[in-house]
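Coordinates in review
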Amino acid sequence: MRPTYWILGLATLSIVIGMFMSRDPERAERMSQMYRDAALTGETRQMAIMGLALAIGAFVVYLTMTRR
């Protein structure tokens, strides 16, 4: 089976589960609270963005230096 079909199947399954979970108000509130708890805020968000920017920059430098 092609990987494309696996990806489409998993995306469809995720959407269906999300729709099912959001139908019940109690579950929707718990999901919303879970998203709020998992979100990065304040200084943690800035540190994560800075780390991501450094990683991307290092990767670009690596590609530039190793190219012949």
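All figures in this text were calculated on a predicted structure; none of them were measured in a lab.

1. Here we look at a nonpolar patch on the surface
Among the surface-exposed residues, Leu10, Leu13 and Ile17 lie close enough to one another that they form a single nonpolar patch of about 290 Å² accessible area. Of note, Leu13 is situated in helix 1 (residues 3-23).

2. Side note on the pattern of salt bridges
Pairs can form between side chains of opposite charge whenever their charged atoms are close. What the rule picks out here adds up to one salt bridge. Across the salt bridge formed by Arg36 and Glu29, the nearest N and O atoms sit 3.5 Å from each other. Residue classification places Glu29 among the partly exposed positions, given a relative accessible area of 44%.

3. Points about the packing of helix 1 against helix 2 (residues 25-38)
Between helix 1 and helix 2, the least distance of the axes is 5 Å, while the angle of their chain directions is 115°. Accordingly, the angle class assigned to the pair helix 1 and helix 2 is roughly perpendicular. Residue-level contacts link Phe20, Met21, Ser22 and Arg23 of helix 1 to Pro25, Arg27, Ala28 and Met31 of helix 2. Of the residues assigned to the contact of helix 1 with helix 2, the class counts are five nonpolar, one polar and two charged.

Definitions and cut-offs
- Residues numbered from 1 in each chain as written.
- Predicted model: local features only at pLDDT ≥ 70, side-chain atom pairs only at ≥ 80, totals over all residues.
- Heavy atoms only, no water.
- Patch = residues over 30% accessible without salt bridge, like charges linked within 9 Å, V, L, I, M, F, W, Y side chains within 5 Å.
- Areas by Shrake-Rupley, 256 points an atom, 1.4 Å probe, with all protein chains shown as cover.
- Salt bridge = Lys/Arg side-chain N within 4 Å of Asp/Glu carboxyl O.
- Helix = DSSP H or I, 4+ residues; strand = E, 2+ residues; numbered from the N terminus.
- Buried < 20%, exposed > 50% of the residue type's maximum accessible area, 1.4 Å probe, protein only.
- Axes fitted to C-alpha atoms, helices over the stretch in contact; angles between N-to-C directions.
- Parallel < 35°, antiparallel > 145°, perpendicular 65-115°, else oblique.
- Contact = heavy atoms within 4.5 Å.
- Nonpolar A, V, L, I, M, F, W, Y, C, P; charged D, E, K, R; others polar.

Fair warning: the whole summary comes from geometry, so function is off the table for now.
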